[in-house]
Amino acid sequence: SAVISQKPSRDICQRGTSLTIQCQVDSQVTMMFWYRQQPGQSLTLIATANQGSEATYESGFVIDKFPISRPNLTFSTLTVSNMSPEDSSIYLCSVEDGGFGKGTEAFFGQGTRLTVV
Amino acid sequence: AQSVAQPEDQVNVAEGNPLTVKCTYSVSGNPYLFWYVQYPNRGLQFLLKYITGDNLVKGSYGFEAEFNKSQTSFHLKKPSALVSDSALYFCAVRDAPGGSYIPTFGRGTSLIVHP
């Protein structure tokens, strides 16, 4: 299993500002994912963070709004840029500890609860 | 395409009674199925998975799930619920061997266990 440290755990931010969320894993992992979980809703994948290349974004999410870094196999950051109240959500980092095996379960950070005022 | 449905937003059960949280899925090939639990202010934790083999899968905290191919279901069960089981439960699916590597999550079911 992988242990993930995600920070900050929560923040209250002013609209128009940016917040960077950090995700640190205790082992090297190939794939890291960033999800958004809006109140009362399921997880929505924002992007897959690839080491050594640009992140792969899902439909509806763009790099200018959610820039992602993946400098090595144990660390990634997600920035929420130019925030608005609609960005208020829980943001989750996730990794998979089995390479590309589809039978591998995911591991999650504890999440970052973001409130934009 | 792969999809998963959790038809109940909330399940209420008395402590000591059996519980069931429902999940149905749709895939093109064979499914890889997962259950996760999310406690308040925490990330998701893996409970159990079905990949192949025995249709009854046992996982953490006394939970189990039964894979039913004919009904395309993977319901989560526990023989005797605890108040501490109260949490949000997510079912997830991947389509194997082809299809998307990215899992699809259900919308979640809130389990409330009453003392």
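Conventions adopted
Residues numbered from 1 in each chain as written. Chains lettered and ligands numbered in written order. Predicted model: local features only at pLDDT ≥ 70, side-chain atom pairs only at ≥ 80, totals over all residues. Heavy atoms only, no water. Disulfide = S-S within 2.5 Å. Helix = DSSP H or I, 4+ residues; strand = E, 2+ residues; numbered from the N terminus. Buried < 20%, exposed > 50% of the residue type's maximum accessible area, 1.4 Å probe, protein only. Contact = heavy atoms within 4.5 Å. Buried area = accessible area lost by both parts, 1.4 Å probe. Salt bridge = Lys/Arg side-chain N within 4 Å of Asp/Glu carboxyl O. Polar contact = N/O pair within 3.5 Å; in protein donor to acceptor, adjacent residues only side chain to side chain. Nonpolar A, V, L, I, M, F, W, Y, C, P; charged D, E, K, R; others polar. Phe/Tyr/Trp six-rings, centres within 6.5 Å; stacked < 30°, edge-to-face > 60°. Pairing = 2+ DSSP bridges. Axes fitted to C-alpha atoms, helices over the stretch in contact; angles between N-to-C directions.

Draft legend 1. The state of the cysteines, seen in detail. All names here are of chain A. Across all of its chains, the model carries two disulfides over all chains by this definition. Disulfide pairing is shown between C23 and C93; the S-S distance is 1.9 Å. Judged by the torsion about the S-S bond (-60 degrees), the C23/C93 disulfide is left-handed. Linking C23 in strand β3 (residues 19–25) with C93 in strand β9 (residues 89–96), this pair joins segments that are 70 residues apart in sequence. The class for C23 is buried, based on a relative accessible area of 0%. With no disulfide of its own, C13 has C23 as its nearest cysteine by sulfur position, at a separation of 18 Å.

Draft legend 2. View of the interface of chain A and chain B. Taken together, the contacts link 24 residues of chain A with 25 residues of chain B. Overall, the association of chain A and chain B removes approximately 1800 Å² of surface from exposure, summing both partners, and the carbon and sulfur fraction of that is 54%. Inspection of the chain A/chain B interface yields two salt bridges. Counting the contacts that link chain A with chain B gives eight residue pairs in polar contact (both at pLDDT 80 or more). Put simply, the parts of the chain that give the side of chain A that touches chain B at least two residues each are β4 (31–37), β5 (43–50), β9 and β10 (106–108) of chain A. Take the side of chain A that touches chain B: its biggest share by element is four residues, from β4 of chain A. In terms of residue class, the side of chain A that touches chain B is made up of nine nonpolar, 10 polar and five charged.

Draft legend 3. Examining the packing of aromatic side chains more closely. What the rule picks out here adds up to 12 aromatic pairs over all chains. Ring centres of Y35 of chain A and F108 of chain A lie 5.9 Å apart, and the angle between their planes is 45 degrees; this geometry places the pair in the tilted category. Note that Y35 of chain A is positioned in strand β4 and F108 of chain A in strand β10, a separation of 73 residues in sequence. Of the residues examined, Y35 of chain A reaches a relative accessible area of 2% and is grouped as buried. Overall, F108 of chain A belongs to the buried group, its relative accessible area being 10%. Pairing Y25 of chain B with F67 of chain B gives two aromatic rings, centres 6.1 Å apart and planes at 25 degrees, and the pair type is stacked. With Y25 of chain B in strand β4 (residues 24–26) and F67 of chain B in strand β8 (residues 64–68), the pair connects residues that are 42 residues apart, well separated along the chain. On the accessibility criterion, Y25 of chain B (8% relative accessible area) is buried. Put simply, the rings of Y35 and F108 of chain A together with F34, Y36, F46 and F105 of chain B touch in pairs and so form one group of aromatic residues.

Draft legend 4. Spatial organisation of the environment of R113 of chain A. In this structure, R113 of chain A sits in strand β11 (residues 112–116). A C-alpha to C-alpha distance of 23 Å links R113 of chain A and T56 of chain A, two positions 57 residues apart in sequence. If sequence neighbours within four positions are ignored, R113 of chain A has contacts with S9, R10, D11, S89 and I90 of chain A together with N41 of chain B.

Draft legend 5. Examining the sheet that holds strand β1 (residues 4–7) of chain A more closely. Residue and element names in this part refer to chain A. Taken in spatial order, the four strands make up an open sheet running β1-β3-β8-β7, and their pairing is antiparallel. Looking at the sheet topology across the chains shown, the edges are occupied by β1 and β7 (68–72). The sheet shows a mean angle of 15 degrees between the axes of neighbouring strands, direction not considered. Examined bridge by bridge, β1 and β3 share four bridges and lie antiparallel to one another. Following the sheet pairing, S5 is matched in β3 by Q24.

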